[in-house]
Amino acid sequence: MGEADLRERAPPATDRDHGVPRSHNREVPGVPDPGHHDMVDPLVRGTARLSRKDADRGPTRGLRAPRSRRHHLAEPARDDRAAALRKQPADLLGTPLVLGAAPDHRHLNACHVRDSRAVSERETHGGTLVVGGGFAGSYVARCLGKRGATIVSPENSMLFTPLLPEAASGTLEPRHVVVPLRMMCPHAELVLGRATTIDFERTSVRAETIAGLVDLHYRDLVVALGSISRALPIPGLGDHALGFKSLADAIHLRNHVLRRLEAAEAASTDAHRQSELTFVFVGAGYAGVEALAELSDLVRDALRYYPALRQARQRWVLVDAAPKILPEIPSRLGDYAAEQLTRRGVEIRVETTLESVEEHAAHLSNGERVPTHTVVWTAGVRANPMLAHLGLPLDERGRVKVDETLRVEGHEHVWALGDGARVPNLATPGDFDPPTSQHALRQARRLAKNIAGDRQPYRYRMLGQVATLGRYKGIADVLGLRLTGFLGWFVTRGYHLYQLPLLSRKLRVVADWTTSLFFRRDIAELSMLGHPQRLGDG
């Protein structure tokens with residue numbers, strides 16, 4: 001559901017989901033939805049024209065011979081071995097990169113077939129390779145500055161997760177909550193694609209791109225693949241519930257809610273109308289509470305344009321297994337949030353879980369059946385499952401094990417951070433950092449300094465937490481100062497704006513916020529976006 005985000009919740013936290021789809025022939029993950037850390041599409045293509053010049057970055061450094069003197073990465077022995085490998089049949093080339101990562105023979109054979117294609121080689125810019133262009137990875141590349149880095153990411157932008165609920169409600173233009181990586185990290189190269197294997201002996205990472213397979217040689221490797229939503233084995237969850245982690249999820253949820261208003265307007269019975277106007281959110285952490293608050297404001301603004309629904313009753317249900325909502329913040333602030341939501345008619349079901357989901361109803365553990373067409377799942381995250389295939393040391397929760405300097409255990413020049421890493425914090429001995437944007441940002445700053453040579457342990461004491469509760473309402477706990485209402489809302493927005501990178505993005509967000517002070521939210525439902533009609537069709 002990330003601080004640049006004082007507000008995301010701890011391990012049983014709130015946001016983020018996507019699986020890793022695979023193609024029809026070789027089980028190679030294909031192009032995922034926005035928000036994934038794995039995917040395809042290269043920065044450079046192997047043509048003579050692009051090898052001379054890249055339109056985005058001037059002369060293309062990425063196509064230098066792999067033994068470029070600039071980076072001092074390839075020793076003579078390694079060069080000899082690489083040359084020998086190139087003389088072997090193509091299907092043997094990928095084998096050394098696969099053995100350590102394949103969990104079973106099926107996976108190994110799939111990788112073997114996939115890697116039989118021609119593989120190009122290149123060196124990373126500045127010697128540092130960042131795998132993952134999410135919050136943590138993008139900030140590492142940004143903090144490295146002119147030292148440079150190469151980023152392997154499925155998307156060319158970073159999602160600023162703290163503003164995702166406002167993008168879902170229409171308060172912010174969706175494009176304004178993502179930051180282009182080429183603008184955010186002007187001294188870094190971007191390879192649009194996904195990492196598939198790591199060869200620690202050859203200090204290289206194999207990336208899958210549209211142009212083919214590429215071996216990227218590094219001096220320092222940063223693994224920042226993040227997390228996905230933690231979906232529990234609840235009957236009907238995958239078929240009938242909606243996620244709330246990526247920008248695509250937010251846009252889809254907004255369209256879905258507006259479509260429910262259209263269905264309610266056309267409903268022929270009161271029961272049908274009531275079910276269309278019932279919305280269930282599972283997970284009462286930051287993502288769930290903020291998404292519910294923002295979307296309930298959207299529906300309230302929209303109903304003035306639906307004459308038949310002005311007297312209809314809306315029903316908003318917030319479900320969580322914990323004994324109270326927002327359990328990670330001070331009790332007084334949590335109680336205030338619960339009071340504000342209750343005043344707005346939100347039904348809060350604590351110490352309750354979701355038992356099953358049907359197409360038109362949700363079943364709760366307290367025996368209640370809630371007729372609804374909208375169930376939103378925001379009940380936790382887990383480490384990206386791709387980490388299990390990279391040969392890295394993992395803990396029981398699938399997170400990469402790192403020491404106090406963020407170095408991966410057993411690997412001198414391999415680092416990891418963010419939601420997919422188990423990061424010890426000297427400021428909180430015995431505890432590991434929760435998967436929040438606030439911690440990811442501080443980890444990135446420390447890691448960039450460690451790569452630059454100023455190696456010191458990571459230590460960060462959280463400044464506080466903030467959250468919005470819809471228009472003009474919020475809560476903030478900053479340096480022990482607890483604020484509610486308009487002041488809490490104002491501080492929350494100010495902190496998010498401060499953390500948002502790039503002045504151009506800050507100004508766009510301020511413009512959106514200013515406009516929303518004078519006008520109600522837009523109610524256009526744009527489900528056709530990304531699905532254009534085929535030419536020639538009627």
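Within any chain, residue numbers begin from 1 and follow the written order of that chain's sequence. Whole-chain, interface and lining totals are the exception, using all residues; otherwise, since this is a predicted model, local features are given only for residues with pLDDT of at least 70 and side-chain atom pairs are given and counted only at 80 or more. Hydrogens and waters are ignored; side-chain quantities use all the structure's heavy atoms.

Topic: the overall build of the chain
So, step 1. Secondary structure summary: the chain contains 15 helices and 26 strands in total.
So, step 2. Put simply, the chain has 538 residues, and 57% of those count as buried.
So, step 3. Accessible surface for the chain amounts to roughly 22,800 Å². Of this, 54% is attributable to carbon and sulfur atoms. Put simply, DSSP marks the helices as runs of H or I at least four residues long and the strands as runs of E at least two long, and each gets a number from the N terminus on. Burial classes follow relative accessibility: with a 1.4 Å probe on protein chains only, a residue under 20% of its type's maximum area counts as buried, one over 50% as exposed, and anything between as partly exposed. Surface accessibility follows the Shrake-Rupley procedure with a 1.4 Å probe radius. Residue values consider only the protein chains on display as shielding.

With respect to the packing of helix H14 (residues 485-499) against helix H15 (residues 503-518)
So, step 1. Direction vectors running N to C along H14 and H15 enclose 155°, while the axes themselves pass 9 Å from each other. Taken together, H14 and H15 sit at an angle that is classed as roughly antiparallel. With respect to the hand of their crossing, H14 and H15 are arranged in right-handed fashion. Taking contact as the criterion, the partners of Trp489, Arg493, Leu497, Tyr498 and Gln499 in H14 are, on H15, Lys506, Val509, Val510, Trp513 and Leu517. For helices, the fitted axis covers only the stretch in contact; all axes are lines through C-alpha atoms, and the angles between them, taken along N-to-C directions, range from 0 to 180 degrees. The labels follow the angle: roughly parallel below 35 degrees, roughly antiparallel above 145, roughly perpendicular from 65 to 115, and oblique for the rest. Here a crossing is called left-handed whenever its near helix is offset anticlockwise from the far helix by less than a right angle, and right-handed whenever the offset is clockwise. Only heavy atoms matter for contacts: two residues are in contact if any of them lie within 4.5 Å across the pair.

Considerations on the sheet that holds strand E9 (residues 212-217)
So, step 1. With mixed pairing, the four strands of this open sheet are ordered in space as E1-E9-E8-E7. Of all the strands in the sheet, the pair left with one neighbour each is strand E1 (119-123) and strand E7 (194-199). Each neighbouring strand pair of the sheet contributes to a mean axis angle of 25°, computed without reference to strand direction.
So, step 2. A strand pair is defined by DSSP finding two or more bridges across the two strands. Across five bridges, E7 lies against strand E8 (residues 204-209) in antiparallel orientation.

Thoughts on the sheet that holds strand E16 (residues 354-358)
So, step 1. A sheet is described by the order of its strands in space; here three strands give the open sequence E16-E17-E18, paired in antiparallel fashion. Across the chains shown, the open sheet's two edge strands, defined by having one partner strand only, are E16 and strand E18 (369-371). For this sheet the average axis-to-axis angle between neighbouring strands, irrespective of direction, equals 15°.
So, step 2. Inspection of the sheet shows E16 paired to strand E17 (residues 361-364) by four bridges, in the antiparallel sense. Note that in E17 the partner of Glu358 across the bridge is Ala361.

Comments concerning the packing of aromatic side chains
So, step 1. Aromatic pairing here means that ring centres of Phe, Tyr or Trp (its six-membered ring) are within 6.5 Å. Orientation follows from the plane angle: under 30 degrees is stacked, over 60 is edge-to-face, and everything else is tilted. Using the criterion set out here, one finds eight aromatic pairs in the structure.
So, step 2. Considering the side-chain rings of Tyr472 and Phe486, the 6.5 Å spacing of their centres and the 45° angle between planes classify their relative orientation as tilted. Linking Tyr472 in the loop between strand E24 (464-468) and strand E25 (474-478) with Phe486 in helix H14, this pair joins segments that are 14 residues apart in sequence.
So, step 3. With centroids separated by 6.3 Å and ring planes inclined at 25°, the aromatic side chains of Phe486 and Phe490 adopt a geometry described as stacked. Remark: Phe490 and Phe486 occur in helix H14; sequence separation between them is four residues, near one turn of the helix.
So, step 4. Assessed through its relative accessible area of 51%, Phe490 is described here as exposed.
So, step 5. These aromatic residues form a ring-pair network of at least three members: Tyr472, Phe486, Trp489 and Phe490.

Some thoughts on the pattern of salt bridges
So, step 1. Should a side-chain nitrogen of Lys or Arg be within 4 Å of a carboxyl oxygen of Asp or Glu, the pair is scored as a salt bridge. Across all of its chains, the model carries 30 salt bridges by this definition.
So, step 2. A salt bridge links Arg175 to Glu173; its shortest N-O distance comes to 3.5 Å.
So, step 3. Given the relative accessible area of 49%, Arg175 is considered partly exposed.
So, step 4. By relative accessible area, Glu173 is classed as partly exposed at 31%.
So, step 5. Asp522 is the salt-bridge partner of Arg254, the closest N and O atoms lying 3.8 Å from each other. One end of the pair, Arg254, is in helix H9 (residues 247-266); the other, Asp522, is in the segment after H15, and 268 residues separate them in sequence.
So, step 6. Given a relative accessible area of 10%, Arg254 falls into the buried group.
So, step 7. Members of the salt-bridge network, linked through shared partners, are Glu294, Asp297, Arg300, Asp301, Arg344, Arg471, Arg520 and Arg521.

As for the pairing of strand E3 (residues 149-153)
So, step 1. In terms of burial, E3 is largely enclosed, as five of its five residues are buried.
So, step 2. What you see with E3 is no split at all: Ala149, Ile151 and Ser153 on one side and Thr150 and Val152 on the other are buried throughout.
So, step 3. Across three bridges, strand E2 (residues 128-131) lies against E3 in parallel orientation. For Leu129, the partnering residue across the bridge sits in E3 and is Thr150.

As for unusual backbone geometry
So, step 1. Positive phi is not limited to glycine here, since Leu479 has a value of about 55°.
So, step 2. With respect to the helices and strands, Leu479 occurs in the loop between E25 and strand E26 (481-484).
So, step 3. Even without being glycine, Leu502 reaches a positive phi, approximately 75°.
So, step 4. Topologically, Leu502 is positioned in the loop between H14 and H15.
So, step 5. Leu502 gets classed as buried once you look at its relative accessible area, which sits at 15%.

Thoughts on the side chain of Glu294
So, step 1. Residue position: Glu294 is located in helix H11 (residues 286-302).
So, step 2. Among the polar contacts made by the side chain of Glu294, one reaches the side chain of Arg521 at a distance of 3.1 Å.
So, step 3. Residues contacting Glu294, with those up to four places away along its chain left out, are Pro165, Glu166, Ser169, Thr171, Thr468, Gly470 and Arg521. Here a polar contact is taken to be a pair of N or O atoms separated by no more than 3.5 Å, where protein atoms must pair a possible hydrogen donor with a possible acceptor and residues adjacent in sequence count only if both atoms sit in side chains.

A short note on a nonpolar patch on the surface
So, step 1. Taken together, Tyr472, Phe486, Phe490, Leu517, Phe518 and Phe519 make up a surface patch of nonpolar side chains, about 700 Å² in accessible area.
So, step 2. The set of elements that each furnish at least two residues to the nonpolar patch consists of H14 and H15. Like charges within 9 Å and nonpolar side chains (Val, Leu, Ile, Met, Phe, Trp, Tyr) within 5 Å are joined into patches, using only residues over 30% in relative accessible area that form no salt bridge.

What to know about the confidence of the model for the chain
Detailed reading of the predicted coordinates is not advisable wherever pLDDT is low.
So, step 1. One number per residue, pLDDT, summarises how confident the predictor is, and it ranges from 0 to 100. Of the residues in the chain, 78% have a pLDDT of 70 or more, and the chain-wide mean is 81.
So, step 2. At the level of individual helices and strands, the chain shows its lowest average pLDDT in helix H3 (residues 95-98), which scores 33, and its highest in strand E13 (residues 278-282), which scores 98.
So, step 3. Of the regions scoring below 50 in pLDDT, residues 1-114 engages in 301 contacts with residues more than four places distant in sequence or in other chains.

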